[in-house]
Structures are given as C-alpha cells and as structure tokens.
Amino acid sequence: MEADERARLEKLDAIVRSDELRAEIYLIIDRVCTALSEKPETLMTWEPIPLDIFRQKLRREIRSGWIFVLRAGADTGAERHPNSHQRMMTLHGSGDMRVRADAASSRWESNVLVSDPSAPLERRWISIPPNVWHRPVVGRNVDWVVVSFHTVPAEELIEEKMDESGAGTKQKKYVEGK
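In this report, the structure presented in the accompanying data block is examined.

## Some details on the overall build of the chain
In step 1: For the chain, the helix and strand inventory stands at three helices and 11 strands.
In step 2: When its helices and strands are written in sequence order, the chain yields α-α-β-β-β-β-β-β-α-β-β-β-β-β.
In step 3: Expressed as a percentage of the 178 residues in the chain, the buried residues total 47%.
In step 4: Within the chain, residue pairs in contact and separated by at least 24 positions form 74% of the contacts whose partners lie at least 6 positions apart.

## Topic: the sheet that holds strand 9 (residues 144–150)
In step 1: Strand order across the open sheet formed by five strands is 1-2-9-4-7, with antiparallel pairing between neighbours. At either margin of the open sheet sits one strand with a lone partner, and together these are strand 1 (44–49) and strand 7 (125–128). Between one strand axis and the next, the sheet turns by 20 degrees as a mean value, whatever way the strands run.
In step 2: Examined bridge by bridge, strand 4 (residues 86–92) and strand 7 share four bridges and lie antiparallel to one another. Among the inter-strand pairings, Arg87 is bridged to a residue of strand 7, identified as Ser127.
In step 3: Together, strand 4, strand 7 and strand 9 form the strand contacts of helix 1 (residues 3–16), whose direction differs from that of strand 4 by roughly 40 degrees.
In step 4: Along the sheet, helix 2 (residues 19–37) contacts strand 1, strand 2 (64–70), strand 4 and strand 9; its crossing angle with strand 1, the most-contacted strand, is approximately 150 degrees.

## Regarding the pattern of salt bridges
In step 1: Within the structure shown, the criterion is met by 16 salt bridges.
In step 2: A salt bridge links Asp75 to Arg135; the nearest nitrogen and oxygen atoms lie 2.8 Å apart. Note that Asp75 is positioned in the loop between strand 2 and strand 3 (79–80) and Arg135 in strand 8 (residues 133–138), a separation of 60 residues in sequence.
In step 3: For Arg135, a relative accessible area of 18% puts it in the buried group.
In step 4: One salt bridge in this structure joins Arg98 and Asp96, with 3.0 Å as the shortest N-O distance.
In step 5: You can call Arg98 partly exposed: its relative accessible area is 30%.
In step 6: The buried category is assigned to Asp96, whose relative accessible area is 9%.
In step 7: Bridged by salt links that share partners, the residues Asp4, Glu5, Arg8, Glu61 and Arg87 form one connected network.

## Looking at the packing of aromatic side chains
In step 1: All chains considered together, the criterion is met by four aromatic pairs.
In step 2: Taken together, the aromatic side chains of Trp46, Trp66 and Phe68 make up a single cluster linked through ring pairs.

The rules behind these values
Residues numbered from 1 in each chain as written. Predicted model: local features only at pLDDT ≥ 70, side-chain atom pairs only at ≥ 80, totals over all residues. Heavy atoms only, no water. Helix = DSSP H or I, 4+ residues; strand = E, 2+ residues; numbered from the N terminus. Buried < 20%, exposed > 50% of the residue type's maximum accessible area, 1.4 Å probe, protein only. Contact = heavy atoms within 4.5 Å. Pairing = 2+ DSSP bridges. Axes fitted to C-alpha atoms, helices over the stretch in contact; angles between N-to-C directions. Salt bridge = Lys/Arg side-chain N within 4 Å of Asp/Glu carboxyl O. Phe/Tyr/Trp six-rings, centres within 6.5 Å; stacked < 30°, edge-to-face > 60°.

This is the structure:
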C-alpha cells in the first residue's frame, strides 16, 4: 500500500473509531441490521450515512459514506464502481473482499478483513480504485458489517454487476437498488 493511501485510511480509521461518532454510526447499523433480519431472502442491506455526522473531518474527496450488512454465508457476486474509489472497513464480523483487475483474465485475490481493532490496518481496511472488480464473500457464522466511503455522492454511485451468464454487465445507481 502506498504511503498516501495508508495515510487516508489511517485518518478514516481514526474518525470511524472515535467515541464521538460511535453512537451515531451504531444507530444506523441497528437500522440496517433490522432491515436484513426482516428480509430473510436478502443477501445484504445498506443505508447511506449523512456526511454531516462526521463534522467536517473527512477529506473533501469523500463524497458519500455507507453502512452495509452482508448476511452470513453470502456471496453477493462480482461488482465494480466505474465512477468511484471505494475505501471499506470491517466493523463487525469478517469477510473476504476478493478483487481482480478485469472481468475475465485475472485471478481473484483474497483479502480477508476482520473487525479486531488491534489487527493491522490492512486486515481491517481495503482500498478499491475505480473499475476494479470486487466480490464480498461472508463467513458462515456471523453477518458482516462494514462502513464504506466513496468519492461520489450517494445518488451518483454506480454499481456495475457481472452477469453470471457471461453475457456482459449491468449498471444501476446504488440508491435505486435498495
């Protein structure tokens, strides 16, 4: 990991883990966990985080924040964000955020992320540049709760999913996928 990206993640880590914000973030987590429990057929639920709760502490490049809860045992499929750099941290549970450079020719690289606050930064955070395919795979024992930051506003975040039949990709705005 390059030094400037490490510095970005360290700053985000300090913000997310601060006592000052924990209560506000956990209110959102509770809502998103409840939504997942009410929809047994759903693999994940999410909600954007109002950026004003961060009290101007985020870098200007961060334009949206999200809480995602992925169901234990889920593999939500490959996706990428052509218009955003994503930075994601595990808050509860663990999962494998697999990444690869392109859709067909490269192998998936495993990145097992954990919620242990004493684990090294690279074991809790991942940085995914625009257009990099990623595929979250969740362990079977517990739901995976993550916070994700993007470089575009929530209403502009594009999710491009790989068509499992191999016929191409499908795009949608993330807020439309709720």
